[in-house]
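# Observations on the model geometry
Spelled out from the first residue to the last, the chains are:
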Amino acid sequence: MTTFMKRLQANVPTLLALPSIILVMMIAIYPILYAFYTSMTDQLLNQSKSNFIWFGNYVNIFTSRVFWHAVGVSVKYVALAVGIEMLLGFGLALLMNGALRGRSLFRILILLPLMLPPATGAMMWASLLDPSLGWVNYALLQIGIHAPAWLSDSGTALYSVVGIDVYHFTPFVALILLAGLQSIPRLQYEVAEVDGANAWQVFRLVTLPQLMPTIFLVLLFRLVLCINGYDVINVATKGGPGDVTTTLSFQASVTGYRNMLLGQAGAYSIFMFFVVLFISKKLFNRVTRSWI
Amino acid sequence: MDTAIEGVVLSDAERAGLEIHKEVVSPADRVGKALTYVVLIAYSLFSILPIYWTATLAFKAESEIYTKTPKLWGFATTMDNWREVFAGPASIVGVDFVHAIRNSFFVTVPSVLLALALGMPVAYVLARYNFKAKGDVHFFYLSLYFMPPLLILIPLFVLYNKIHLYNTYLGMALVMQLITLPLVVLIMRGFFEDIPVEIEQSARVDGARGPWVFWRIILPLVVPGMMATAFLCTIFSWNNYLFSYLLTSGENQTAVVRITLYRTFTGIMWGPMSAAILLTIVPVLLLAIAIQKYIVRGLTLGAVKG
């Protein structure tokens, strides 16, 4: 074998990964570096010339009311949506984990919302929640409740989009935690039973510790993907009415596309990048065991 | 032979015995059981309500849609909404939805094939080779999946306009790799790891070469997992809204984006829109049911085997 062939063989892993690396450079690494760079310039969307202004954009957004408002909306949105999804999903998983007839049918029915495009799901809910022709307000009226115009009322808009998020992603929590529950060895339950533990003790001492890595994994996925979420709000409320549903990622797109401030939009996205990186680093270390 | 049959009969009897044992339940247990079913059935109804509601709108005449007393059943049906959706360029609303479905197809198929072609080798390397940066490579692909989309899309919008990938199927298939590539790499890694190393080693001992072993021994073993992964990529790619919303325009946008165009200046065309929604989601839901055995593994990128 020639030395060339030998060297080739030693580098097989790199060669196999190379095409993917090149593509990722183009569609991810380059744009991220570009975003880092533009976030330090006064680049506009419709102009090619720009000046380097160091951290001007960051100072600008960190001292603006708009930014902190978006942070507030995002925190509220994510905390509510992920909180409800985790609790409701965990509850459903526990219910489906018992001796149950028709579990596979329930699994399919609960899976369906998760497989809908969130943008489309948001349209479907917009028609269900429509104050003049939707079924929800009609049904509520039958039992004597005058419901608000959910998505266009500034008092209910945020809770309504949270509700749509909950509809889409509670199944994710439920299905993953159910799988986690079912992989807990039966023996552990039998041992606990022999030791005379009651239902609560079994849950606290066997189920919960065994399920913890899976819970953190689900939390990681939901937190990150919820922070990044854009589709539901863009379709259902466009950040409105006013700015009550303007989350960080929606504000980033408004800054970049509507206001054409590429530099500031870059600063928004870089801020979100560090938030997401921080959360995933924190939680990833707790769940690495599941992958490796 | 006889003992084996006896064994089976015995364990059946045992199982029957256990079932009889289980039949003895306290009234409290029975109430709990009934409550479980009530909650699960209620939640299932909540799950399908929007889908069912959309299906009714798709078959309702205008007078049945724009009413203060909407009906969930027993309404007059019509096929008008479907005619509008399939009208193509002759559409009254001005949305050529057949073309939009075609766009989704031409974006989805190449993006899935590309992800498999690029991702399978990486997955194999992660599963079979040991190197220091393995954990980092894994985390890197996961972070692609977790990246705030606008961080990448705004610069990519500028770049795509420069290199003429804006508004093209190729550009869409490339950017879709942000989602499909991590799916393939991380899920397939698990499927490769499920194959015992010994199978591969014995093939090599028999004198088979690297690429041959991969094509004829390994690949056939991961085909079910690969199909499930490909279907999941298809669903994610088909369902994606943001990429097409920001990187294409007009007639070239995918179905999920074009659906929102039934919101016209004069009002929302709920009937045709609902028909368009059904046309878009039903194939995806069928695919999802087909791979539901693998869904947990897929959705957690291989972390929970399910």
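In this numbering scheme, every chain counts its residues from 1 along its sequence in written order. Chain letters and ligand numbers both follow the written order, the letters beginning at A and the numbers at 1. In view of the model being predicted, local features appear only for residues whose pLDDT reaches at least 70, and side-chain atom pairs are presented and counted only at 80 or more, with totals across whole chains, interfaces and linings using the full set of residues. To get the side-chain values, take all heavy atoms of the structure and skip hydrogens and water.

Our next topic: the overall build of chain B. For helices the rule is a DSSP run of H or I covering at least 4 residues; for strands it is a run of E covering at least 2, with both sets numbered from the N terminus onward. The helix and strand inventory of chain B stands at 15 helices and two strands. Radius of gyration means the value over C-alpha atoms here, while the globule rule gives 2.2 Å times the residue count to the 0.38 power. Radius of gyration (C-alpha) of chain B: 26 Å, far over the 19 Å computed for a compact globule of 306 residues. Taking the principal axes of its C-alpha atoms as reference, chain B extends roughly 75 × 65 × 35 Å. Whether two residues touch is decided by their heavy atoms; if any such pair falls within 4.5 Å, the residues are in contact. Expressed as a percentage of contacts within chain B between residues at least 6 apart in sequence, the contacts between residues at least 24 apart total 71%. Residue burial considers only the protein chains on display, and all accessible areas are found by Shrake-Rupley using a 1.4 Å probe. If you sum the accessible surface of chain B, you get close to 14400 Å²; carbon and sulfur atoms cover 68% of it. Across chain B, the centroid of the 22 positively charged side chains sits 10 Å from that of the 19 negatively charged ones. Positive residues here are Lys and Arg, negative ones are Asp and Glu, while His and the chain termini are left out of the count. For the purpose of locating charges, the reference atoms are NZ of Lys, CZ of Arg, CG of Asp and CD of Glu.

Take the pattern of salt bridges next. The working definition used for a salt bridge is a side-chain nitrogen of Lys or Arg within 4 Å of a carboxyl oxygen of Asp or Glu. Taken as a whole, this structure holds eight salt bridges over all chains when the rule is applied. A salt bridge links Arg65 of chain A to Asp243 of chain A, with the shortest nitrogen-to-oxygen separation between them at 3.4 Å. Here Arg65 of chain A is found in helix 4 (residues 65–97), whereas its partner Asp243 of chain A is found in the loop between helix 11 (231–236) and helix 12 (248–258), with 178 residues between them in sequence. Buried, partly exposed and exposed residues are distinguished by accessible area as a fraction of the type maximum, computed with a 1.4 Å probe on protein chains only: under 20%, between the cut-offs, and over 50%, respectively. On the basis of relative accessibility, which here comes to 29%, the residue Asp243 of chain A falls in the partly exposed class. Arg297 of chain B is the partner of Asp194 of chain B in a salt bridge, and the nearest nitrogen-oxygen pair spans 2.8 Å. Taken together, the residues span a long stretch of sequence, with Asp194 of chain B in helix 9 (residues 177–194) and Arg297 of chain B in helix 15 (residues 295–299) at a distance of 103 residues. Each of Glu85, Asp165 and Arg222 of chain A takes part in one network of salt bridges that share partners.

Glancing now at the packing of aromatic side chains. When the centres of two rings from Phe, Tyr and Trp lie within 6.5 Å, Trp using its six-membered ring, the rings pair. Their planes under 30 degrees apart give stacked, over 60 give edge-to-face, and anything left gives tilted. One pass over the structure, following the stated rule, counts 40 aromatic pairs over all chains. Pairing Phe67 of chain A with Phe271 of chain A gives two aromatic rings, centres 5.1 Å apart and planes at 75°, and the pair type is edge-to-face. Remark: Phe271 of chain A occurs in helix 13 (residues 262–291) and Phe67 of chain A occurs in helix 4; sequence separation between them is 204 residues. Look at Phe67 of chain A and you get buried, because its relative accessible area is 0%. Exposure remark for Phe271 of chain A: the relative accessible area of 23% places this residue in the partly exposed category. Three or more aromatic residues joined by ring pairs form one cluster here, namely Phe55, Tyr58, Phe62, Phe67, Trp68, Tyr268 and Phe271 of chain A. Whether a charge sits over a ring comes down to the Lys NZ or Arg CZ being within 6 Å of the ring centre and within 35 degrees of the ring normal. The aromatic ring of Phe139 of chain B is capped on one face by Lys281 of chain A, whose charged end is 4.3 Å from the ring centroid.

Moving on: helix 14 (residues 270–290) of chain B. Its 21 residues place the ends of helix 14 of chain B 30 Å apart at the C-alpha level, agreeing with the 30 Å of an ideal helix rising 1.5 Å per residue. Values of bend correspond, residue by residue, to the angle between axes fitted over the seven residues ending at that residue and the seven starting there. Residue Ile281 of chain B marks the point of greatest curvature in helix 14 of chain B, where the axis turns by about 30°; the proline Pro283 of chain B follows within four residues. Expected span of a helix, by definition, is 1.5 Å for each gap between consecutive residues, and there is one gap fewer than residues.

Glancing now at the domain arrangement of chain B. All names here are of chain B. Per the domain assignment, the segments of chain B are domain 1 (24–78) and domain 2 (90–305). Relative placement of domain 1 and domain 2: their C-alpha centres are 32 Å apart. Of the roughly 640 Å² buried between domain 1 and domain 2 on both sides combined, carbon and sulfur atoms contribute 79%. Counting the contacts that link domain 1 with domain 2 gives zero salt bridges. Residue ranges for the domains originate in an automatic or database domain assignment. A quick way to say it: buried area is the sum, across both parts, of accessible area lost when two parts are put together, with a 1.4 Å probe.

Spanning 13 residues, helix 6 (residues 134–146) of chain B covers 19 Å between terminal C-alpha atoms, matching the ideal 18 Å at 1.5 Å per step. By the burial criterion, the buried members of helix 6 of chain B are Lys134, His138, Phe139, Tyr141, Leu142, Ser143, Leu144, Tyr145 and Phe146 of chain B.

The next thing to look at is the environment of Gly74 of chain B. Residue and element names in this part refer to chain B. Along the chain, Gly74 turns up in the loop between helix 3 (62–65) and helix 4 (80–85). By relative accessible area, Gly74 is classed as exposed at 68%. In this structure, the C-alpha to C-alpha distance between Gly74 and Thr56, residues 18 residues apart in sequence, is 10.0 Å.

Taken together, the 87 residues of chain B in the interface contact 90 residues of chain A. Its largest share of buried area at the contact with chain A, chain B owes to Tyr43, Phe139 and Phe146 of chain B, together 9% of the area lost on that side. Where chain B packs against chain A, one counts zero salt bridges. Definition of a polar contact: a pair of N or O atoms within 3.5 Å, with one able to donate and the other able to accept a hydrogen when the atoms are protein atoms, and with sequence-neighbouring residues admitted only if both atoms are side-chain atoms. In this assembly, chain B and chain A are joined by 14 residue pairs in polar contact (both at pLDDT 80 or more).

A word on the side chain of Gln292 of chain B. The residue Gln292 of chain B is located in the loop between helix 14 and helix 15 in this model. Sequence-distant contacts of Gln292 of chain B, defined by excluding residues within four places in its chain, comprise Arg107, Ile108 and Leu111 of chain A.

All names here are of chain B. Relative to the helices and strands, Arg258 is located in helix 13 (residues 255–258). According to the relative accessible area criterion, Arg258 is buried, its value standing at 5%. The contacts of Arg258, once residues within four sequence positions are left out, are Gly94, Val95, Asp96, Phe97, Ala100, Gly250, Glu251 and Gln253.

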